[in-house]
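In case you want the letters, here they are:
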Amino acid sequence: MAVLPILHYPDPRLHTVAKPVGEINQKVRQLVADMAQTMYEAPGIGLAATQVNVHLQVVVIDLSDERNQLQVFINPEIIWASEETKVWQEGCLSVPDFYDEVNRPAEVKVKALNLDGETFELHADGLLAVCIQHEMDHLKGKVFVEYLSALKRMRIAGKLKKKLKAGEL
């Protein structure tokens, strides 16, 4: 396993739309292992392949305190979302040290493949629902700050560019 470099907003590669995984082979399994290690080291609770400059529809999530309940979503698709919404304070490994409120559906049902290539469906609410939607946005080339005002986005981008120049990222 390897820790992969994480792209930081406003890197244009974060806006690349991910392609579906055609075959779950050793390369995809290695990507998942590397993404999990990267997420744990960061530390974070979710990571999309887009964030590590691999433009395939792969997401890893682990909400456990022990960091031992890795969930893998390959070619995920939201097949149902509640009309009820909820506002959550979100952060992102690609937007370090910035948090803001985002309004999303309170519950979702996602369909995806696991590492064995088997289709599964999962009903999620609370933090898991938020995390799934957040990571799937990355696969569509969208970063959570795009839900914020243009002024907030400009400020965040400016601060992150300064950190990058200073070697802090």
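Shown above is the structure to which this text applies.
Draft legend 1. Structural context of the packing of aromatic side chains. Under the defined criterion, the tally for this structure stands at one aromatic pair. Measuring from ring centre to ring centre gives 5.7 Å for Phe-73 and Phe-120, while their planes differ by 45 degrees; the resulting arrangement is tilted. On the criterion of sequence distance, the pair formed by Phe-73 in strand 3 (residues 71–81) and Phe-120 in strand 7 (residues 119–125) is long-range, its members being 47 residues apart. Phe-73 gets classed as buried once you look at its relative accessible area, which sits at 2%. In this arrangement the basic side chain of Lys-142 is found over the ring face of Tyr-147, its NZ or CZ atom lying 4.0 Å from the centre.

Draft legend 2. Expanded view of the nonpolar core. If you look at the biggest cluster of nonpolar residues, it comprises 16 residues, and the most contacted ones within it are Val-21, Met-35, Leu-47, Val-58, Val-60 and Ile-74. Mapped by element, the contributors of at least two residues to this core are helix 1 (26–41), strand 2 (58–61) and strand 3. By residue number, the principal contributor to this core is helix 1, which donates five residues. Residues in contact with Ile-74, not counting those within four places in the same chain, are Val-21, Ile-24, Val-28, Gln-57, Ala-112, Leu-113, Asn-114 and Leu-115. Of all hydrophobic cores here, the second largest spans 15 residues; its members include Ala-18, Ile-61, Val-108 and Ile-132.

Draft legend 3. Inspection of the environment of Glu-66 at higher detail. By the secondary structure assignment, Glu-66 is in the loop between strand 2 and strand 3. Judged by relative accessible area, Glu-66 falls into the exposed class, the value being 54%. Placed 19 residues apart in sequence, Glu-66 and Thr-85 show a C-alpha to C-alpha distance of 29 Å.

Draft legend 4. Representation of the side chain of Asp-62. Take Asp-62: it is sitting in the loop between strand 2 and strand 3. No salt bridge is formed by the buried Asp-62; its nearest oppositely charged neighbour, Arg-67, is found at 4.7 Å. For Asp-62, the side chain forms a polar contact with the side chain of Ser-64, separated by 2.6 Å. If sequence neighbours within four positions are ignored, Asp-62 has contacts with Met-39, Tyr-40, Ile-45, Arg-67, Asn-68, Gln-69 and Leu-70.

Draft legend 5. Quick look at the layout of surface pockets. Size it by volume and the largest pocket reaches roughly 350 Å³. The wall of the largest pocket is formed by 20 residues, among which Ile-45, Glu-90, Gly-91, Cys-92 and Leu-93 lie closest to the centre. Here the residues of the lining of the largest pocket sort into eleven nonpolar, six polar and three charged.

Draft legend 6. Local environment of unusual backbone geometry. In this model, Tyr-9 is joined to Pro-10 through a cis peptide bond whose omega is 10 degrees. Tracing the sequence through the fold places Pro-10 in the segment before helix 1. Cis geometry is found at the peptide bond from Ala-42 to Pro-43, where omega equals -10 degrees. Its place among the elements puts Pro-43 in the loop between helix 1 and strand 1 (46–48).

How each quantity is defined
Residues numbered from 1 in each chain as written. Predicted model: local features only at pLDDT ≥ 70, side-chain atom pairs only at ≥ 80, totals over all residues. Heavy atoms only, no water. Phe/Tyr/Trp six-rings, centres within 6.5 Å; stacked < 30°, edge-to-face > 60°. Helix = DSSP H or I, 4+ residues; strand = E, 2+ residues; numbered from the N terminus. Buried < 20%, exposed > 50% of the residue type's maximum accessible area, 1.4 Å probe, protein only. Lys NZ or Arg CZ within 6 Å of the ring centre and 35° of its normal. Core = buried A, V, L, I, M, F, W, Y, C linked by side-chain atoms within 4.5 Å. Contact = heavy atoms within 4.5 Å. Lys, Arg positive; Asp, Glu negative; His and termini not counted. Salt bridge = Lys/Arg side-chain N within 4 Å of Asp/Glu carboxyl O. Polar contact = N/O pair within 3.5 Å; in protein donor to acceptor, adjacent residues only side chain to side chain. 1 Å grid on protein atoms, 1.4 Å probe; cavity = no way out; pocket = protein on both sides within 12 Å on 5 of 7 lines; lining within 4 Å. Points joined across faces, edges and corners; volume = space filled by probe spheres on them. Nonpolar A, V, L, I, M, F, W, Y, C, P; charged D, E, K, R; others polar.

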